[in-house]
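Reading the structure
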Amino acid sequence: KTSVTALRREAAESLDEEAAPMNGPHTPRASRRSGTEKTSAADIGTAHHKFLQHVSLAQAGDAAVLRKEAERLAQQRVLTAEEAAALEIESLASFWQSQVGQRIRQHARYVRRELPFTARFTPAALAPFTATPTDATLAGEFVVVQGVADLVVLLPEEIWLLDFKTDHFSPDEMPRKTQEYAPQLKLYAAALSRIYRRPVRE
């Protein structure tokens, strides 16, 4: 039994090992930030995920409307005052006004947020996601994978999958970040396709 997060970390470690000879001495991921900074980043991520889980899709528009939504959620004690203050409202507004954000809002009745799932995989089926070789002695065994998808649009014939990230990085780091998170999204897609018996198309 494992989680998508653990498998993503395993895949990220494999990527780090591959990149180390090219980039010189490898700095472990955990030591790149001080404890205080890491906690702060985690708190910001949690605040945004809570907001995106509970924001009214009918109200997910411009910055002014989203500020009111943040105030509403703080009044209802869904968010703490600190979490509401940590939200990057302009970035959130930019997302909901984007083509992707607008399409999600247009299909609001099919949206599921923080959707938990459990799926069964053979070790061989998991190997492409973790970039680790398959152990031949595990033939016939299976792994139960659990995860929570941030946002899923469960359309009658297909699925759209979206995962929110609050990382801060420079534009030239985008290819690396895309590569780092790709296994997570692909694993979500594989699990949801099995469970709901329809393809993840986007």
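Just above sits the structure.
In this report, the structure presented in the accompanying data block is examined.

This paragraph deals with the side chain of Lys177. With respect to the helices and strands, Lys177 occurs in helix 8 (residues 174-196). You can call Lys177 buried: its relative accessible area is 18%. Within the structure, the side chain of Lys177 is placed 3.0 Å from the side chain of Asp167, a separation counted as a polar contact. Beyond its immediate sequence surroundings of up to four residues, Lys177 is in contact with Asp167 and Phe169.

A positive phi is found at Arg77, a non-glycine position, where the angle reads about 65°. Relative to the assigned elements, Arg77 resides in the loop between helix 3 (63-75) and helix 4 (81-86). Among the residues examined, Arg77 registers a relative accessible area of 77% and is labelled exposed. Positive phi, close to 55°, is recorded for Arg197, a residue that is not glycine. Given a relative accessible area of 76%, Arg197 falls into the exposed group.

Okay, the packing of helix 5 (residues 89-97) against helix 6 (residues 99-106) next. Look at helix 5 against helix 6: their axes get within 4 Å of each other, and the N-to-C directions meet at 65°. The angle between the axes of helix 5 and helix 6 places the two elements in the roughly perpendicular class. Residues Phe95, Trp96 and Gln97 of helix 5 pack against Gln99, Val100, Gly101, Gln102, Ile104 and Arg105 of helix 6. Among the residues making up the contact of helix 5 with helix 6, the classes are represented as four nonpolar, four polar and one charged.

Looking now at the pairing of strand 4 (residues 159-162). Residues of strand 4 alternate between two faces, with Ile159 and Leu161 on one and Trp160 and Leu162 on the opposite face, all of them buried. Two successive antiparallel strands, strand 3 (residues 143-154) and strand 4, enclose a turn made up of four residues.

With that settled, the discussion passes to the side chain of Gln184. Tracing the sequence through the fold places Gln184 in helix 8. Not counting the four nearest positions on each side in its chain, Gln184 is found in contact with Val4, Arg8, Asp163 and Lys165.

Now for the packing of aromatic side chains. Considering all chains together, one arrives at four aromatic pairs under this definition. An angle of 65° between the planes, with centres 4.7 Å apart, marks the rings of Phe95 and Trp96 as edge-to-face. Of the residues examined, Trp96 reaches a relative accessible area of 0% and is grouped as buried. Between the aromatic rings of Phe117 and Tyr188, the centroid separation amounts to 5.5 Å while the plane-to-plane angle is 85°, which identifies the pairing as edge-to-face. Residue Phe117 is located in strand 2 (residues 111-121), and its partner Tyr188 is located in helix 8; the two are separated by 71 residues in the primary sequence. As far as burial versus exposure is concerned, Phe117 and Tyr188 are alike and both buried. One aromatic cluster is present, formed by Phe95, Trp96 and Phe164 through successive ring pairs. If you follow Arg103 out to its NZ or CZ, it ends over the ring of Trp160, 4.3 Å from the centre. In this structure, Arg120 is placed above the aromatic ring of Phe142, and the distance from its NZ or CZ to the ring centre is 3.9 Å.

Thresholds applied
Residues numbered from 1 in each chain as written. Predicted model: local features only at pLDDT ≥ 70, side-chain atom pairs only at ≥ 80, totals over all residues. Heavy atoms only, no water. Helix = DSSP H or I, 4+ residues; strand = E, 2+ residues; numbered from the N terminus. Buried < 20%, exposed > 50% of the residue type's maximum accessible area, 1.4 Å probe, protein only. Polar contact = N/O pair within 3.5 Å; in protein donor to acceptor, adjacent residues only side chain to side chain. Contact = heavy atoms within 4.5 Å. Axes fitted to C-alpha atoms, helices over the stretch in contact; angles between N-to-C directions. Parallel < 35°, antiparallel > 145°, perpendicular 65-115°, else oblique. Nonpolar A, V, L, I, M, F, W, Y, C, P; charged D, E, K, R; others polar. Pairing = 2+ DSSP bridges. Phe/Tyr/Trp six-rings, centres within 6.5 Å; stacked < 30°, edge-to-face > 60°. Lys NZ or Arg CZ within 6 Å of the ring centre and 35° of its normal.

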